[in-house]
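Residue strings, one per chain:
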Amino acid sequence: MTSTEMKKDIKIRDVWEARKRIGQIINRTPLIQSTILSEKLGRNVYLKLENVHEVGSFKVRGAANKILSLSLEERKNGVATYSTGNHGMAVAFVANKLGIDAVVCISNRVPKAKVDSLKRLGAQIEIVGDSQDEAGVRCYELEYEKGVTVIEPFDDPHVIAGQGTIGLELLEELPYLKDVIVPLSGGGLLSGIGMTLKSNDRDIRVTGVSMERSAVMFESLKTGKPIMLEESETLADSLLGGIGLENQYTFQMVQQYMDDIVLLSEEEIAYSMAFMMDKHRMIMEGAAATGIAAVLGSKIPHQEGDIAVIISGQNVDLSVLLTIIQNYGFEN
Ligand SMILES: *Cc1c(COP(=O)(O)O)cnc(C)c1O
């Protein structure tokens, strides 16, 4: 953000506008009831299937809203990102659909499989240095040199409003919704959904879920300001990464709209991934399984009313699934 831009409050109106915009390229996702989880919890448990987007995660909503709101001039100059995960894939996908150039800056440590899937989506790859930080620096150089727009993964009003469209869909489908469980990293997903739900119904409770390892938002909230943490390996790899020491929006919005936070162990996440494969025939990545883990472990802080779990993505390596399947003998 440049100093001439004013920080703006994100309102429900922005989410309605986002919905209109992204409708051109993104379908509404299904909501299903999970009978087995409902029986376990003694309340209706619904799954919001954000894993079924073509790129396998909800990130496509925010990326689409941001890119579709660029001016013609900006579109001509192209977009850039230094995320190689779900956000990078979403940016590449949306840009490709709209015929806009997308550059993904990556370090030379990024695995070939990831580079290949970004290329398949039509992205140009620029390899720089050997850390994510160097890739990030290069991205902003491109902004300065060539006028590309860097698409932020979470701390951007259009991105947050895009993720908020999930909240609109939930409100329309679940009149008795009481609890929403949202995987939490940088907080774009939770900020958008939380603001949307609470603007309509103050009584809906929003619970964030993260892994125990390197839960940066959790530690930042405890400290009262954004902090950095060392990254450790986790099954919920899509939840890794900082929230930005200069965080503009999501830190404050998560403070405002999140009622509770639950942290899950690697063991709980792995078991939940296995459980969903076995009982629902559904593949989800570790980040998405944190919500299921909170349900299975009866860790939802409240006891009654309908509950919706955001199944945020499904991009997980088969080798990881294989290990999980081998580690859990399935009981009936
Ligand atoms: C990015 C991501 C999240 C977390 O979203 P934030 O907006 O960073 O909090 C959760 N799940 C998946 C699958 C993701 O890709």
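Residues numbered from 1 in each chain as written. Predicted model: local features only at pLDDT ≥ 70, side-chain atom pairs only at ≥ 80, totals over all residues. Heavy atoms only, no water.

**Some points on the environment of Glu143**
Quick reminder of the rule: Strands are runs of DSSP state E lasting at least 2 residues, helices are runs of H or I lasting at least 4, and numbering of each runs from the N terminus. The classification of residues rests on relative accessible area computed with a 1.4 Å probe and restricted to protein chains. Under 20% of the type maximum is buried, over 50% is exposed, and intermediate values are partly exposed. Residues count as neighbours in contact if any of their non-hydrogen atoms are within 4.5 Å of one another.
Note on placement: Glu143 falls in helix α7 (residues 132–146). Judged by its relative accessible area of 33%, Glu143 falls in the partly exposed class. Placed 45 residues apart in sequence, Glu143 and Gly188 show a C-alpha to C-alpha distance of 22 Å. The residues touching Glu143, leaving out its near neighbours within four places in the chain, are Val148, Thr149 and Val150.

**Describing the side chain of Ser107**
Tracing the backbone through its elements, the reader meets Ser107 in the loop between β4 (102–106) and α6 (112–120). When its relative accessible area of 8% is taken as the criterion, Ser107 is described as buried. The residues touching Ser107, leaving out its near neighbours within four places in the chain, are Ile127, Val128, Gly129, Asp130, Ser131, Gln132 and Ala135.

**Description of unusual backbone geometry**
Unlike most non-glycine residues, Ser214 shows phi in positive territory, near 55°. Within the secondary structure layout, Ser214 lies in the loop between β8 (205–211) and α10 (216–223). With a relative accessible area of 10%, Ser214 lands in the buried category.

**Quick notes on the pattern of salt bridges**
Here is the rule we go by: Any carboxyl oxygen of Asp or Glu within 4 Å of a side-chain nitrogen of Lys or Arg constitutes a salt bridge here.
Evaluated as defined, the whole model comprises 20 salt bridges. Ionic pairing is found between Arg138 and Glu141, a salt bridge with its closest N-O pair at 2.7 Å. Taken together, the residues Arg138 and Glu141, both in helix α7 and 3 residues apart, mark about one turn of the helix. Judged by its relative accessible area of 34%, Glu141 falls in the partly exposed class. Residue Lys198 pairs with Asp259 through a salt bridge whose shortest N-O separation is 2.8 Å. In this pair, Lys198 sits in helix α9 (residues 188–200) while Asp259 sits in the loop between α11 (250–257) and β9 (260–264), placing the two residues 61 residues apart along the sequence. Residue class for Asp259 comes out partly exposed when judged on its relative accessible area of 39%.

**Some thoughts on the site of the ligand**
Counted only if it meets this: For each residue, the test is whether any non-hydrogen atom lies within 4 Å of the molecule or strand; if one does, the residue is near. Polar contact criterion, stated in full: a pair of N or O atoms within 3.5 Å, where within protein one must be able to donate a hydrogen and the other to accept it, and residues adjacent in sequence count only if both atoms are side-chain atoms.
Lining the immediate environment of the ligand, one finds 16 residues, of which Lys59, Asn86, Gly187, Gly188 and Ser312 sit closest. Separating an oxygen atom of the ligand from a side-chain N or O atom of Asn86 is a distance of 2.8 Å.

**What to know about the packing of helix α12 (residues 266–280) against helix α13 (residues 286–296)**
We count it as follows: Between N-to-C directions, angles span 0 to 180 degrees; the directions come from axes that are lines fitted to C-alpha atoms, helices contributing only their stretch in contact. Angles are sorted into four bins: roughly parallel if under 35 degrees, roughly antiparallel if over 145, roughly perpendicular if 65 to 115, and oblique for all others. Under the scheme applied here, ten amino acids are nonpolar (Ala, Val, Leu, Ile, Met, Phe, Trp, Tyr, Cys and Pro), four are charged (Asp, Glu, Lys and Arg), and all others, including Gly, are polar.
In contact at an axis separation of 8 Å, α12 and α13 are set at 90° when each is read in the N-to-C sense. Taken as axis vectors, α12 and α13 run roughly perpendicular relative to one another. Facing Glu268, Ile269, Tyr271, Ser272, Met273, Phe275 and Met276 of α12, the residues of α13 in contact are Gly286, Ala289, Thr290, Ile292, Ala293 and Leu296. Looking at the contact of α12 with α13 residue by residue, the class counts come to 9 nonpolar, 3 polar and 1 charged.

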